Amino acid sequence: MQHKQVEREREREREREREREKNHSKLCHLLRLFSGEKSAPVRFLHQQPTSFANTHNSLRSPLLRLFPAKHDHCSNASSIYFFPSTSIHLLLSSLQYLSGADLMARAGHVHLLLSMLALAVAAGPADAASVVGVNWGTMASHPLNPDIVVRLLKDNGITKVKLFDADDWTVSSLAGTGIETMLGIPNNQLERIAKSYGEAKDWVNANITRFLHSGGVNIKYVAVGNEPFLESYNGTFINITLPALQNIQKALDEAGHGDKIKATVPLNADVYDSGSNTPSAGDFRANIHTLMVQLVKFLHSNRSPFLVNIYPFLSLYQNKDFPFDFAFFDDQSSPINDKGVSYTNVFDANFDTLVWSLKKAGVPDMKIIVGEVGWPTDGDKNANTANAQRFYRGLLKKLSSNKGTPLHPGYIEAYVFGLIDEDFKSVAPGNFERHWGIFRYDGQPKFSIDLSGQGNDRFPIAAKNVTYLPAQWCVLDTSVNNPSALPGNMDYACQYGDCTALADGSSCSNLDSKARSSYAFNMYFQIQDQDVEACVFGGLAKITTKNMSRDGCLFPVQIVSPANKSYAMSLMGVVAAALIAAVSMVLL
């Protein structure tokens, strides 16, 4: 009986393999048709077909880097074809930059190509579970639809998510997924919750209780505030954070959720310091020492974790003398010795400084969770994809090995910051603040990474069903000669747009003055949903369908988002009108 079951399973697997081969064969054929080739294998980058290069020069630059020859090709000698998800998702993303004429001319092939691409992706192996959770922030001019983001999480094996609020649509989208969720209470709500237990009960009822049902949301933590003791806040939240925490935990307990759901406070690593720059000298900051001892003892008594945000990038950014390699995990830096304990990276040293601080506060066995850790990809000379990839490769390998730190061996729970770029974040800390995501604003991956920590880096699966605004850009009209008006208009565009990629050392910093103006104008134009009135700038600008992206500098086209409902409604109107017309023709 068991033998027959094994044989049936093997036959099913053989059938699946035959289906995959058939899909890949069709896909290869379609790619040849799409590129204009009749029979030659498709070999992009190193042996790019001339017809493709000439016909489709309107494709954005990432497409020209697709399909490394040693992996991505159609082989005449075999029925097995290789199309890693990296290439597939970049190709899907690039199709929207085809000119209208090109797209219409090859509409049939494009439709079939997209269908087969979807089948090829679906036939691929499932990703291993992520060893980290992610921070899902929504401070963006055009946030992705929450349902799309949840699909993104599931497609990439991400099983834990940390939110910064309890937005109803976002939380509801997590229902039935099993994804472990940490809800957030923003700092601006702390005062009313601290002053009124009734407010705390109402918050728990509205944001916790109603989601705890069969098929509901898997809520595990409530993050009360967000780094409320930052010195830059000048003590604004010092007297209200602990009372708010106590009221939320009490409300959770009285509602019957306290055993399963714990309240904590996300804290920046600046709540502790070390006079000698060694972990063993670590203790909580002098001006909040008493408060911190009270807070950690309350957390400990409720079996709640200490939630800390650790940023090696900021150590590098804030100190020009900081040893560069000490920010990473590949043991290329000179070690620091602390009473016989050796540290080769700042993450371990920072974490163990907290371990010492908790020990001195009388709670040496307290659970620690790293609430935020990551590396930005733009906005600073050290914020780029190469450094981000190096950092994450070391971090994820470390976390998956359960090696821990010298004073905290074993498993460390951590949440990557962040999931998606957020172009509405304040740049007061630095221009990099809007570029922490491992995915771009539109859910496209920035670099290859293995979230399981096994070192098998590849591009994560991109967001699906993302709709873009038309493929058009606002640029400087070089036929207009009015140089004196340019600085003021560019400043206006950057004030209300996002020009952080123009900062020194950033991805667009090498643009000439005209291209910089075009970049600024386009960023404003896109944030304004491509309103024609947003591409005037005193007659200096014009709208073009030519993609201005170049040399690693992306001139983006914004997405249709729940935040720009007017465009979405007009798009729905067009679709509805087309459907009505089609039905009318059938009836007639």
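Within any chain, residue numbers begin from 1 and follow the written order of that chain's sequence. Whole-chain, interface and lining totals are the exception, using all residues; otherwise, since this is a predicted model, local features are given only for residues with pLDDT of at least 70 and side-chain atom pairs are given and counted only at 80 or more. Hydrogens are left out, water is left out, and the side-chain values use all remaining heavy atoms of the structure.

Caption draft 1: View of the nonpolar core. By convention a nonpolar core is built from buried Ala, Val, Leu, Ile, Met, Phe, Trp, Tyr and Cys residues, the set being connected through side-chain atoms within 4.5 Å. Only protein chains enter the area calculation, which uses a 1.4 Å probe; residues under 20% of their type maximum are buried, those over 50% are exposed, and those in between are partly exposed. Counting residues in hydrophobic clusters, the biggest one holds 138 residues, and the most contacted among them are Ile248, Phe306 and Tyr392. The contact criterion used throughout is that any non-hydrogen atoms of two residues lie within 4.5 Å. Residues contacting Ile248, with those up to four places away along its chain left out, are Ile185, Ile193, Ala200, Trp203, Val204, Val222, Val224 and Ala263. Met182, Leu307, Ile369 and Tyr415 belong to the second largest nonpolar core, which has 6 residues in total.

Caption draft 2: Examining helix H10 (residues 241-254) more closely. Strands are runs of DSSP state E lasting at least two residues, helices are runs of H or I lasting at least four, and both sets are numbered from the N terminus onward. Expected helix span is computed as 1.5 Å times (number of residues minus one). Helix length check: H10, at 14 residues, gives a terminal C-alpha distance of 20 Å against a target of 20 Å (1.5 Å per residue), a fit within 8%. Buried within H10 are the following residues: Thr241, Leu242, Ala244, Leu245, Asn247, Ile248, Gln249, Ala251 and Leu252. Residues of H10 that are buried sit in contact with strand S3 (180-185), helix H8 (190-195), helix H9 (197-207), strand S4 (218-224), strand S5 (262-264) and helix H11 (289-301). Backbone geometry just downstream of H10 places Gly256 in the positive-phi region, at approximately 85°.

Caption draft 3: Broad picture of the pairing of S3. Burial analysis of S3 places 6 of its 6 residues in the buried class, the great majority of the element. Residues of S3 alternate between two faces, with Glu180, Met182 and Gly184 on one and Thr181, Leu183 and Ile185 on the opposite face, all of them buried. Any two strands with at least two DSSP-identified bridges between them are counted as paired. Where strand S2 (residues 160-163) lies against S3, 3 bridges are found, and the strand directions are parallel. Directly across from Val161, in S3, lies its bridge partner Thr181.

Caption draft 4: Spotlight on the environment of Ala414. Examined against the element boundaries, Ala414 turns out to sit in strand S15 (residues 413-416). Residue Ala414 is classed as buried on the basis of its relative accessible area of 2%. On a C-alpha basis, the gap between Ala414 and Asn135 in space is 10.0 Å, while along the polypeptide they are 279 residues apart. Excluding anything up to four places from it in sequence, Ala414 contacts Val132, Gly133, Val370, Val373 and Leu399.

Caption draft 5: The packing of H10 against H11, seen in detail. Structural elements are reduced to axes, namely lines fitted to C-alpha atoms, with helices fitted over the stretch in contact, and the angle between N-to-C directions of any two is expressed from 0 to 180 degrees. In contact at an axis separation of 11 Å, H10 and H11 are set at 10° when each is read in the N-to-C sense. Taken together, the axes of H10 and H11 lie roughly parallel to each other. Seen from H10, the contacting residues are Leu242, Leu245, Gln246 and Gln249; seen from H11, they are Leu291, Gln294, Leu295, Phe298 and Leu299. Orientation labels follow simple angle bins: below 35 degrees gives roughly parallel, above 145 gives roughly antiparallel, 65 to 115 gives roughly perpendicular, and whatever is left gives oblique.

Caption draft 6: Fine view of the packing of aromatic side chains. What counts as a ring pair is set by centres within 6.5 Å for rings of Phe, Tyr and Trp (its six-membered ring), and what kind of pair is set by the plane angle: stacked under 30 degrees, edge-to-face over 60, tilted for all other angles. Applying the stated criterion to the full structure yields 26 aromatic pairs. Between Phe324 and Phe328 the ring centres are 5.2 Å apart and the planes differ by 50°, which places this aromatic pair in the tilted class. Where Tyr492 meets Tyr496, the ring centres are 4.9 Å apart and the plane angle is 55°; that geometry is what we call tilted. Of the two residues, Tyr492 and Tyr496 are both situated in helix H15 (residues 486-496); the distance of 4 residues between them amounts to about one turn of the helix.

Caption draft 7: The arrangement of the packing of H9 against H10 in detail. Packing of H9 against H10 brings their axes to within 9 Å, and their N-to-C directions diverge by 55°. One way to sum up the angle between H9 and H10 is to call them oblique. In this structure, the crossing between H9 and H10 has a hand that is right-handed. Counting all contacts with H9, which are made through Tyr197, Ala200, Lys201, Trp203 and Val204, the residues of H10 involved are Asn247, Ile248, Lys250, Ala251, Leu252 and Glu254. Ten residue types, Ala, Val, Leu, Ile, Met, Phe, Trp, Tyr, Cys and Pro, are classed as nonpolar, four, Asp, Glu, Lys and Arg, as charged, and the remainder, Gly among them, as polar. By residue class, the composition of the contact of H9 with H10 is 7 nonpolar, 1 polar and 3 charged. Whether a crossing is left-handed or right-handed is set by the direction in which the near helix is turned from the far one by less than a right angle, anticlockwise for left-handed and clockwise for right-handed.

Caption draft 8: Examining the side chain of Asn135 more closely. Position of Asn135 among the secondary structure elements: in strand S1 (residues 133-136). Residue Asn135 is classed as buried on the basis of its relative accessible area of 1%. As used in this structure description, the phrase polar contact means that two N or O atoms lie within 3.5 Å; if the pair is within protein, one of them must be able to donate a hydrogen and the other to accept it, and residues adjacent in sequence are counted only when both atoms belong to side chains. Within the structure, Asn135 has its side chain in polar contact with the side chain of Lys162 (distance 2.8 Å). A distance of 2.9 Å separates a polar atom in the side chain of Asn135 from the backbone oxygen of Gly371. Apart from residues no more than four positions distant in its own chain, Asn135 is found in contact with Lys162, Phe164, Gly371, Glu372, Tyr415, Val416, Phe417, Gly418 and Leu419.

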